[in-house]
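What follows is the residue order along each chain.
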Amino acid sequence: MWSITRGMMKRSRRTLVPAGIAIAIASLFISATLLLGNVLDAQSVKQFTAEYGNAEYSATPDYPASPSYQSDGDVPTLASTGLEDIASVNGVSDVRYSGTEPVIASAGAASSASSAASSGYSASGIEVSTKAGIMPIDLADGSWPSKPGEAALDSDLASKLGVSVGGTVSLVSTAVDSAAADDAAAVSPLVVRVTGLTDDPHEQYSLAGGSVTLAADDIVELERQNLLAIGTPQSDVDSFTHGDITASAVYFSLDSGMSDSQKNDAIGQIRSKLRSVTVTSRTDAADAYLRKLNGGGVNPVVAAILVFAILAMFVAALVIANTFRVLVTQRRRTLALLRTIGASKGQVHRSVLTEGVVLGLEYSALGTALAYAIVAILAAAKVQGIELIPSASSILVPIVFATLITVLASSGAARLATSVTPMEALRPIDATEKAGIKAARAVVSVLLLAGGLALCLSAVRMAGRISPSSNDYATPLLMAVPGCILVFIGLVMSTQAWIPWLLSGLGRLVSLTGASGTIAAANIRKNPRRIAATSGALLIGITLVATVATGASCASATVNRELDSHYSVDASITEVAADPAQIGQVKALDGVSDAQGIAAYAVTLSAKGTVPDISDADDAQSYTAMYVIPDSAIGSVVSDTFGTRHLEDGVVYVSDAMHTTKPNTTPDVRTGDSLGMVVTSTRSDQDSLYATAFEGGDVSTIPQAQTTLPVRTASFAIGDDDCSLAISEGTARSLGIDPGRHDIWIGVDKNADASDLIDRLTTLTRDFNGSNLTGAFIFRKMFDTVIDIAMKAMLALLSVAVIIALVGVANTLSLSVIERQRESATLRAIGMTSGQLRASLAWESVLISVGAGLAGLVTGGFFGWVGAVTLLTGTSVAFAPNWAIYGGIVLLSLVAALLASVLPARRATKVPPVVALADAD
Amino acid sequence: MSASTNAPTPTAGQTLPNLASLNQSAAGMANGPAIQAIDLVKDYGTGDFAVHALRHVNVAFERGRFTAIMGPSGSGKSTLMHVLSGLDCATSGHVLFDGNDITTFDDKQLTLMRRDNVGFIFQSFNLLPMFTAEQNIAMPLTLAGKKPDRQWLHRLAADLGIEDRLSHRPAELSGGQQQRVAIARALITHPHVVFADEPTGALDSISSAEVLGMLRRLVDETGQTVIMVTHDAAAAAYADRAIVFSDGRIVADVDHPTEEGMSALVMEQRRATAQAAASNAAAPNAGPAGL
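Residues numbered from 1 in each chain as written. Chains lettered and ligands numbered in written order. Predicted model: local features only at pLDDT ≥ 70, side-chain atom pairs only at ≥ 80, totals over all residues. Heavy atoms only, no water.

Visitor: Help me out: how do you make sense of the overall build of chain A in this one?
Guide: The secondary structure content of chain A amounts to 29 helices and 20 strands. Taken across its 921 residues, chain A has 50% of its residues classed as buried. For chain A, long-range pairs separated by at least 24 residues make up 84% of all intrachain contacts whose partners lie at least 6 apart in sequence. Carbon and sulfur atoms make up 59% of the accessible area of chain A, which amounts to about 40,800 Å² in all. (Helix = DSSP H or I, 4+ residues; strand = E, 2+ residues; numbered from the N terminus. Buried < 20%, exposed > 50% of the residue type's maximum accessible area, 1.4 Å probe, protein only. Contact = heavy atoms within 4.5 Å. Areas by Shrake-Rupley, 256 points an atom, 1.4 Å probe, with all protein chains shown as cover.)

As structure tokens, this is what we get:
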């Protein structure tokens, strides 16, 4: 039977290629992901063990149980690490401790500590190991310090200071910078000669500004400087010794010529000398770290990506199952013949499964090999620190998994093969498929759909009622996710039932376009099961894409709306002169849609809501700004959230967040209440009535007016506190005093380049002598960017599954073409041109793809919205369909469908009609 | 056009549909042959393994006549039909279809020509399984983007006895009914020529007789030109003229063929071929036998 199977496989080689490609792509995905995981793990480990330098072991005291623990409060000291004891053990070649000394390094010999501190750069002082062999940084030039007064500088730090080997550097403890004047004077800077330059490949000290390697005594000296700078009495400073330095672990290495037993002896000695000390080898530490990092399993990043890979494999499985079914159907005659001449059902069954195994092995091996090749190429091109780190799992997992999936996928077809009776060899039965689905399957699908929908909708309702700070905030999401999954499974299980119905409806539309459309629609109706399976695979991919896109756009729209209510103004330069020329300059900037000068009063409020009495010490009062907003500003430089485009005269608009932000010093007013205030004409905070009174100044010199105005609350917030007040120009005039403060409010284009604009506005703010540049648009941009990147990453990962599904469409089409040779030939004979035939295949492909696309969009749109609502509990989520992506999906499906039909169409029209019509003559 | 005396009389109990109402225009009478082959050569493959399906065939088919092309398997009769109807292209030579040389046509022109001027009846019916009988009949017009003349369609269906079957799919029709649907499809465009390739090969004797009778009546009462390829002498007897093919050549051309006459002719032909094969085996350089 094996040779017969081999023979059949050889013939069907070409037809199985698309299915094979699907397997290869999915395996490639899995293998590449696992290889990526290896790289990430290796990098993490390297980072973690970088501190070891060249040391093989670390010794960490077990706090606080260690008896040698001499603590200074909670801070472990060097003496407690037992460094001296370890160094004295026979066989220990080099010892180092982990501990850094924050310093400020300046070039040349500084005259005083303060001048050194103000002209220098922050750095991190570390002590050289006893034999200078196991440093965590590399020596690039020169030599390590061998005695006090010498230092090895980080290369980048050295170039910043402008010194090289042989130069001089002054070091002071960082504490000097913030010390009181007389404490700083007591410190004399440490002057060292640069003996060497170092590199920090693992960037251990780059955040601190770079390392300065010093001898032990110099480190002690810097510690003493630190103590002096914080005002420690001289006697305590003098009694500070090396053993008092803060240190947490000791790194050491053993002599290189030692045997394993000698090494064990040495470590044993160390352990006995210092009880409650844990000696860990570097490799053990790395393993333990890795285990902890990945929680005993796979790197979480890798796990997340693998989810998408498994999805891709699942879609591939659908394609494979479909292909094998069609293959078996087309092979019916041969199978019947085999059964007639003596093959048993079992043999036929195994034959199909064998074919599945071979196909799976072949193409998954190919995919894995390709993954290795790609990673190798990327590593050779030195892309982003990628290395090729082969591992058993990255080879075995994709191959075994893919082969298993292939066999499973082909099992349905294998069962079909056993149903072929020997009779069919004599009289072929034209196998027509019937639409519709088994009762059991239908019932289960309906249950899943109903249950899932119920879960989703109740999750949505719950989300609306919960506030984000409550403990239940995650519950709606936890309900929605399984709800959506159930709905999805129910839909996919029942594709046999509703896809043919959907496509025949669309087919009717297509038939209107002419003969090609009619033929295409009829062909789709002919093989409902196969078409539903093909369409279903594509449906999965597109639904997920639509879900991600919709979720992202809903989240983005909601976040933007929330931002709008918290940041009513895109950007503003505060406290400038009221100068139209300045406003013009701002308006002229690229990305600025409008800029207007807005005047503001300083206002003092009382928690009681009446006009505050400045002299009353018990009256809780607050200060805020009251902006005069002309109609032209609303919608152009400030969000249209006042409920009107024309502020009423004689009324004060109060931000509805005012009382929540300052509950103790502002009244809780609603629309219809009245608010009393003292209004002054000042330029800035410092001049306000409130501040002046606080400092004991004379308040009567400040122009002021008292008024009580009816309140309208609105959802707006200007400035960094949410306590804004706004009035119309008419109201301002009636106050009788001029506003003393002028801001420039700026409206920013949606597509403006944020960083560029910020730079330019900052410069202008400095030029105008403005006090502050606040920019809500930065937040908006940041959120949008984060959401956008996340969305794009997920879409990229999903695209693999979609591509596999499209391969499936092309596959089904070409298999159908082979089956339909006789019909196509008949049509050609009675007058169908090859153009019409190609068009009908294109229509067929389009129907399958666009049908799945539309269904996927609706489903995915629903899922995405549910996801967004349940994720952002407590906020009302805007349903913002992402028409760009939707349009893109439909367009892509269309284009892919047309492409998918090209090769099958060529095959169909290449054969002259007569060849296919030829009967056995 | 007088009815052929060789048409078998209907057996009692059979009612044959009346085709007299299908009156085609009599203009098809004059103006030269319906279709003509001039020095037609068709080879498959090249070199030593070339198969010469047609060897310099010259033949003209008159309008309004029922012509049978006979011969054993592999004689080239089907090939001739394929080339004449534009389904396949000739290696050399010309085919004049109603005066037009179709050997110069490209694929699209041939297709359009077939669509408007040729009706096909196949041995295995070749109906499209996913369409109803009515849709199958109208298919050539649908392909042309035209709406079928409803009256004409129903007339055809009525006269072929399948009017009550129009909404059925081919799977729900008997062999004879399917072939009659195919005939209706062949006639829906009022074609210049109807080509029938072994139309009775898949039918039982009663249905065969029905179909042949219908073809005969078509020719007699409407002046339709019918060219039928068959290996069955009994079927050939329905025709006005029988051409016998052997080895890519016409070896006999008989007017008013009879069943016995054609049978004898074919058997003789087989004997001659066998003899030639034997003598070829003995003396390979002997010239070809036959006429």
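Visitor: How do you make sense of the packing of aromatic side chains when you look at a structure like this?
Guide: The geometry of an aromatic ring pair is captured by the separation of the ring centres together with the interplanar angle, meaning the angle of the planes. Scanning the entire structure with this criterion turns up ten aromatic pairs over all chains. Taking 5.2 Å as the distance between ring centres and 55 degrees as the angle between the ring planes, the aromatic pair formed by A:Tyr627 and A:Trp745 counts as tilted. Taken together, the positions of A:Tyr627 in strand β14 (residues 621-628) and A:Trp745 in strand β19 (residues 741-748) put the pair 118 residues apart, joining distant regions of the chain. Pair check on accessibility: A:Tyr627 and A:Trp745 agree, each one buried. Ring geometry for A:Phe642 versus A:Phe716: centroids 4.7 Å apart, planes at 40 degrees, classification tilted. Of this pair, A:Phe642 sits in the loop between β14 and β15 (652-655) while A:Phe716 sits in the loop between β17 (704-714) and β18 (725-727), and the two are 74 residues apart along the sequence. Through a chain of ring-to-ring contacts, three or more aromatic side chains come together here, namely A:Phe488, A:Phe862 and A:Phe863. Note that B:Arg241 overlies the ring of B:Phe61, its terminal NZ or CZ placed 5.8 Å from the centroid. (Phe/Tyr/Trp six-rings, centres within 6.5 Å; stacked < 30°, edge-to-face > 60°. Lys NZ or Arg CZ within 6 Å of the ring centre and 35° of its normal.)

Visitor: Can you walk me through unusual backbone geometry in this structure?
Guide: Peptide bonds are, in most cases, trans, and in most cases residues other than glycine have a negative phi. Phi is positive for A:Glu575, close to 55 degrees, though the residue is something other than glycine. Tracing the chain through its elements places A:Glu575 in strand β12 (residues 571-576).

Visitor: I tried to follow the packing of helix α1 (residues 2-48) of chain A against helix α13 (residues 345-380) of chain A on my own but got confused; where do I start?
Guide: In a pair of packed helices, the angle between the axes and the distance between the axes together describe the arrangement. Residue and element names in this part refer to chain A. Close contact between α1 and α13 brings their axes to 5 Å; oriented N to C, the two are set at 40 degrees. In the packing of α1 onto α13, the handedness of the crossing is right-handed. Class assignment for the residues of the contact of α1 with α13 results in 20 nonpolar, eleven polar and three charged. (Axes fitted to C-alpha atoms, helices over the stretch in contact; angles between N-to-C directions. Left-handed = near helix turned anticlockwise from the far one by under 90°. Nonpolar A, V, L, I, M, F, W, Y, C, P; charged D, E, K, R; others polar.)

Visitor: Honestly, the pairing of strand β3 (residues 101-107) of chain A in this entry has me stumped. Any pointers?
Guide: Within a regular beta strand, the side chains point alternately toward one face of the sheet and then the other, so they alternate between its two faces. Residue and element names in this part refer to chain A. Judged by how many residues are buried, β3 sits mostly within the fold: five of seven residues are covered. Taken together, the five bridges between β3 and strand β4 (residues 121-127) define a ladder with antiparallel strand orientation. From the neighbouring strand, Ile-104 faces β4, where its bridge partner is Ser-122. Here five bridges tie β3 to strand β7 (residues 168-173), and the two strands are oriented antiparallel to one another. By the bridge assignment for β7, Ala-107 is matched with Val-169. (Pairing = 2+ DSSP bridges.)

Visitor: Just checking my understanding: could you explain the nonpolar core for this structure?
Guide: Soluble globular proteins: nonpolar side chains tend toward being buried together. All names here are of chain A. The biggest cluster of nonpolar side chains holds 98 residues, and the ones touching the most others in it are Leu-538 and Ile-804. By residue number, the principal contributor to this core is helix α11 (residues 300-330), which donates 16 residues. Beyond its immediate sequence surroundings of up to four residues, Ile-804 is in contact with Ala-22, Ile-25, Ala-26, Ala-312, Val-315, Ala-316 and Val-319. Residues Ala-175, Val-176, Leu-214 and Leu-274 belong to the second largest nonpolar core, which totals 56 residues. (Core = buried A, V, L, I, M, F, W, Y, C linked by side-chain atoms within 4.5 Å.)

Visitor: Would you take a moment to explain the sheet that holds strand β6 (residues 118-121) of chain B for this structure?
Guide: In sheet architecture, strand pairing relies on hydrogen bonds along the backbone and comes in two forms, parallel and antiparallel. Residues and elements named next belong to chain B. The six strands lie next to each other as β6-β7-β8-β3-β9-β10, forming an open sheet whose pairing is mixed. Unpaired on one side and paired on the other, β6 and β10 (249-255) mark the two borders of the sheet. Put simply, the sheet's adjacent strands are angled 20 degrees from each other on average, direction ignored. As paired strands, strand β9 (residues 241-246) and β10 are joined by six bridges and run antiparallel to one another. By the bridge assignment, Arg-241 is partnered in β10 with Asp-255. Running at roughly 150 degrees to strand β7 (residues 193-197), helix α1 (residues 77-84) makes contact with β3 (66-70), β6, β7, β8 (225-230) and β9 of the sheet.

Visitor: I tried to follow the pattern of salt bridges on my own but got confused; where do I start?
Guide: Pairing is possible between side chains of opposite charge, provided their charged atoms come close. All names here are of chain A. Tallied over the full model, the rule gives 26 salt bridges over all chains. Glu-648 is paired through a salt bridge with Arg-712; the nearest N and O atoms lie 3.3 Å apart. Of this pair, Glu-648 sits in the loop between β14 and β15 while Arg-712 sits in strand β17, placing them 64 residues apart in sequence. Residue Glu-648 is classed as partly exposed on the basis of its relative accessible area, which comes to 36%. A salt bridge links Asp-743 to Arg-741; the nearest nitrogen and oxygen atoms lie 3.0 Å apart. (Salt bridge = Lys/Arg side-chain N within 4 Å of Asp/Glu carboxyl O.)

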